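Examining the three-dimensional arrangement
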Amino acid sequence: MSGHLTPGTGAIAGAMSSASPQGRGRRWLQFASPAAFYGPAGTLAALLLPLSLVLALVGLYIGFLVAPTDAQQGDAYRIIFVHVPAAWLSMVIYAAMAFWSAVGLVANTRLSAMMAGALAPSGALFTFLALWTGALWGKPTWGAWWVWDARLTSELLLLFLYLGFIALQAAIDDPRRADRAGAVLALVGTVNLPIIYFSVKWWNTLHQGASVSVSSAPTIATPMLLGMLVMALAMWFYAAAATLLRLRCIILEREGRAAWVARLAQGEGA
Amino acid sequence: MTGMLAWIVKRDLLLAGRRSADALGSLAFFVIACSLFPLGVGPEPAALRSMAPGVLWVAALLAATLSLPRLFSADHADGTLEQMLLSSEPLVLIVAGKAVAHWLVSGLPLVLLSPLLALQFGLDARSLAVLLASLLLGTPILSLVGAVAAALSLGARSSGVLVALLALPLYTPVLVFGAGAVDALGAGGGAMAHLLLLGAGLGFALALAPWATAAALRIALE
């Protein structure tokens with residue numbers, strides 16, 4: 001791990017010593033440099049990954065052993081501890097992706113766009129997980145794997161937006177062009193997402209009354225809520241750690257010719 | 001400024017006229033796609049009547065996506081697009097003109113042809129009028145929003161598939177409100193709310209999409 005950290009911390013020290021007094025408030029901006037953030041990203045990921053593992057174990061313990069059986073849904077409801085945090089994250093990650101895309105377009109920082117690119121696979125994964133666990137939950141409680149409910153449909157469209165973003169970035173050879181094209185797409189998607197949600201919601205209410213309303217969830221017992229929150233934190237930390245690790249890979253790929261990467265490779269070989 | 005817009009529209013219409021097989025191709029695709037549905041689901045008039053707005057709208061969406069790659073690719077290939085970017089006229093205006101021309105070539109013929117197809121599906125006169133109105137309001141949105149996807153995938157590998165992947169999720173609100181307008185009429189409610197929302201969507205797309213397209217073109221050609 002120390003081998004990973006030396007070039008990063010070296011770059012930070014260099015940036016700090018050269019910072020002028022009036023630029024002190026902007027010191028955190030030095031992490032906009034991929035070389036400076038490479039080390040801290042690894043440290044953060046190394047901290048977050050075990051933390052998320054511990055929290056997931058605690059959350060699953062609460063979810064499976066402490067939380068009471070639901071009066072109406074029996075034990076089938078217990079998928080809530082995976083389903084709700086995943087659905088939550090699928091939207092949060094899209095917002096984060098759009099945020100970093102906007103920052104990348106406005107400030108023209110390379111790391112922001114790399115961050116958006118690193119977030120997309122995690123976001124698609126959690127969207128898929130939310131849909132999958134939703135289907136597993138729907139079968140015993142609703143009697144159907146899939147219902148054309150507004151939430152399900154808009155989640156499915158969110159998955160398509162993620163896939164479009166990933167496909168667009170993969171289809172453009174020049175990485176900087178791919179970054180910026182992806183950023184424009186992410187922002188267009190953000191503008192469109194509320195429209196999609198409301199159109200689908202209205203479409204559903206017009207076609208048929210929803211057989212089961214997902215939105216009017218009954219108030220739930222405290223251990224259930226606690227388990228859900230702990231699992232949400234665990235998934236949140238996992239997503240952050242996975243994104244940072246992916247970001248490190250992207251940085252190495254992009255900066256392959258830089259001197260600090262060469263030094264890093266030598267240090268690892270020794 | 002309006003002179004520039006008119007000039008771009010005229011130029012693109014002229015080019016489309018010289019290569020009329022392209023525009024006719026996507027129109028033929030629209031007709032064929034609509035005609036396949038009765039073959040696939042059976043000839044029962046009641047079922048076909050209830051499906052008609054959805055089928056026509058989905059076919060319109062697919063036909064629009066099919067014609068999108070042509071929006072910028074020819075100008076990109078012969079260098080005209082670079083000259084457009086370098087010109088002193090606002091790129092947003094040029095892009096808007098190209099979207100208008102795209103609608104006139106691929107959207108409007110489709111709208112004009114749709115009553116014929118709707119009759120084949122057994123729609124009555126009132127539903128037909130609503131369907132026509134919804135297509136008239138909705139297909140320009142397809143051209144405007146599709147231009148963003150076409151500009152983003154310009155010069156990318158397998159751009160034809162990519163355009164569909166990018167544009168179709170963004171098209172879903174148009175599909176919902178467009179096909180929903182006819183359904184609402186059938187369900188006893190008025191279709192006005194849907195048509196007004198489509199109109200709002202058209203205004204929204206007209207205000208924002210050319211800017212996003214222009215940004216995407218600048219990225220593609222930098």
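Residues numbered from 1 in each chain as written. Chains lettered and ligands numbered in written order. Predicted model: local features only at pLDDT ≥ 70, side-chain atom pairs only at ≥ 80, totals over all residues.

So, on to the overall build of chain A. From N to C terminus, chain A includes eight helices and zero strands. Across chain A, helices and strands are ordered from the amino to the carboxyl terminus as α-α-α-α-α-α-α-α. Counting over 270 residues, chain A shows a buried share of 41%. Considering only intrachain contacts with a sequence separation of at least 6, the fraction spanning at least 24 residues in chain A is 79%. (Helix = DSSP H or I, 4+ residues; strand = E, 2+ residues; numbered from the N terminus. Buried ≥ 20, exposed ≤ 12 C-beta atoms within 10 Å, placed from the backbone. Contact = placed C-beta atoms within 7 Å.)

This part is about the overall build of chain B. Summing up its helical and strand segments, chain B has nine helices and zero strands in all. Traced from its N-terminal end to its C-terminal end, chain B shows the element sequence α-α-α-α-α-α-α-α-α. Relative to its length of 222 residues, chain B is compact, with a C-alpha radius of gyration of 18 Å against a globular reference of 17 Å. Judged by the C-alpha coordinates and their principal axes, chain B covers about 55 × 30 × 30 Å. Taken across its 222 residues, chain B has 50% of its residues classed as buried. Pairs at least 24 apart in sequence give 80% of the contacts found in chain B among residues at least 6 apart. (Rg over C-alpha atoms; globule rule 2.2 N^0.38 Å.)

In this structure, A:Asn108 is a non-glycine residue whose phi angle is positive, near 55°. Within the fold, A:Asn108 resides in the loop between helix 3 (80-107) and helix 4 (110-142). C-beta crowding within 10 Å serves as the criterion here: with 11 such atoms nearby, A:Asn108 is assigned to the exposed category. A positive phi angle, near 45°, is found at B:Ser158, a position not held by glycine.

Before going further, it helps to spend a moment on the interface of chain A and chain B. The partner chain B presents 23 residues to the 23 residues of chain A that form the contact. Mapped onto the side of chain A that touches chain B, the elements with two or more residues apiece are helix 5 (150-171) and helix 6 (175-207) of chain A.

This part is about the packing of helix 3 (residues 45-67) of chain B against helix 7 (residues 125-152) of chain B. Residue and element names in this part refer to chain B. Axis separation between helix 3 and helix 7 bottoms out at 10 Å; the angle between their running directions is 25°. Classified by the angle between their axes, helix 3 and helix 7 sit roughly parallel to one another. The element helix 3 and its partner helix 7 pack so that their crossing is right-handed. Touching Pro53, Leu56, Ala60, Leu61, Ala64 and Thr65 of helix 3 are Leu131, Leu135, Thr139, Leu142, Ser143 and Gly146, all from helix 7. Per-class residue counts for the contact of helix 3 with helix 7 are eight nonpolar, four polar and no charged. (Axes fitted to C-alpha atoms, helices over the stretch in contact; angles between N-to-C directions. Parallel < 35°, antiparallel > 145°, perpendicular 65-115°, else oblique. Left-handed = near helix turned anticlockwise from the far one by under 90°. Nonpolar A, V, L, I, M, F, W, Y, C, P; charged D, E, K, R; others polar.)

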